[in-house]
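Below, each chain spelled out in residue letters.
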Amino acid sequence: MSGRFSFTLSAAQMAQAQTLAGWITLIAEDRGMDEGALAAATGLDVEDVRAVLCGAVMMIPLTVLDHALRRLEGRVH
């Protein structure tokens, strides 16, 4: 699943996206996960995982990031 869509985020949405990406990154680092493991755990494709880990999440919808974090935490959507 690729989160690539053509749209523009507001400043508030960008802050939310960066916060979600930060939590995903923090949990992944805490668990010692590599890109492949993180992709498998979150349902993101490897390209989106790389974007999350770099904080370059402008083109990933908030819902995709939220679902990825929920999967990583083991919470239902």
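See above for the structure.
A quick note: this is a predicted structure, and the numbers were derived from the prediction, not measured.

J.: Quick rundown of the pattern of salt bridges? Include the residues and the values.
T.: Going through the model one piece at a time under the given rule, you end up with three salt bridges. Across the pair arginine 50 and glutamate 35 runs a salt bridge, and its minimum N-O distance is 2.9 Å. Of this pair, arginine 50 sits in helix H3 (residues 46-54) while glutamate 35 is found in helix H2 (residues 35-42), placing the two residues 15 residues apart along the sequence. Arginine 50 sits in the partly exposed class, given a relative accessible area of 43%. Note on glutamate 35: relative accessible area 30%, which makes it partly exposed.

J.: Give me the lowdown on the packing of H2 against helix H4 (residues 62-73), citing residues and values where you can.
T.: Interhelical geometry of H2 versus H4 gives an angle of 100° and a closest axis separation of 8 Å. Classed by the angle they form, the pair H2 and H4 counts as roughly perpendicular. When H2 is examined against H4, the residues Leu38, Ala41 and Thr42 are found in contact with a partner set consisting of Ala68, Arg71 and Leu72. Looking at the contact of H2 with H4 residue by residue, the classes come out as four nonpolar, one polar and one charged.

J.: Outline the nonpolar core, supporting the account with residue identities and numerical values.
T.: Ile24, Leu38, Leu44, Val52, Val57, Ile60 and Leu65 are the most contacted members of the largest nonpolar core, which has 20 residues in total. Elements with a minimum of two residues in this core: helix H1 (11-31), H2, H3 and H4. At seven residues, the largest contribution of residues to this core is made by H1. Excluding anything up to four places from it in sequence, valine 52 contacts Ala21, Ile24, Thr25, Leu44, Val57, Ile60 and Leu65.

The rules behind the values
- Residues numbered from 1 in each chain as written.
- Predicted model: local features only at pLDDT ≥ 70, side-chain atom pairs only at ≥ 80, totals over all residues.
- Heavy atoms only, no water.
- Salt bridge = Lys/Arg side-chain N within 4 Å of Asp/Glu carboxyl O.
- Helix = DSSP H or I, 4+ residues; strand = E, 2+ residues; numbered from the N terminus.
- Buried < 20%, exposed > 50% of the residue type's maximum accessible area, 1.4 Å probe, protein only.
- Axes fitted to C-alpha atoms, helices over the stretch in contact; angles between N-to-C directions.
- Parallel < 35°, antiparallel > 145°, perpendicular 65-115°, else oblique.
- Contact = heavy atoms within 4.5 Å.
- Nonpolar A, V, L, I, M, F, W, Y, C, P; charged D, E, K, R; others polar.
- Core = buried A, V, L, I, M, F, W, Y, C linked by side-chain atoms within 4.5 Å.

Without other data, these values stay purely geometric and don't point to any function.
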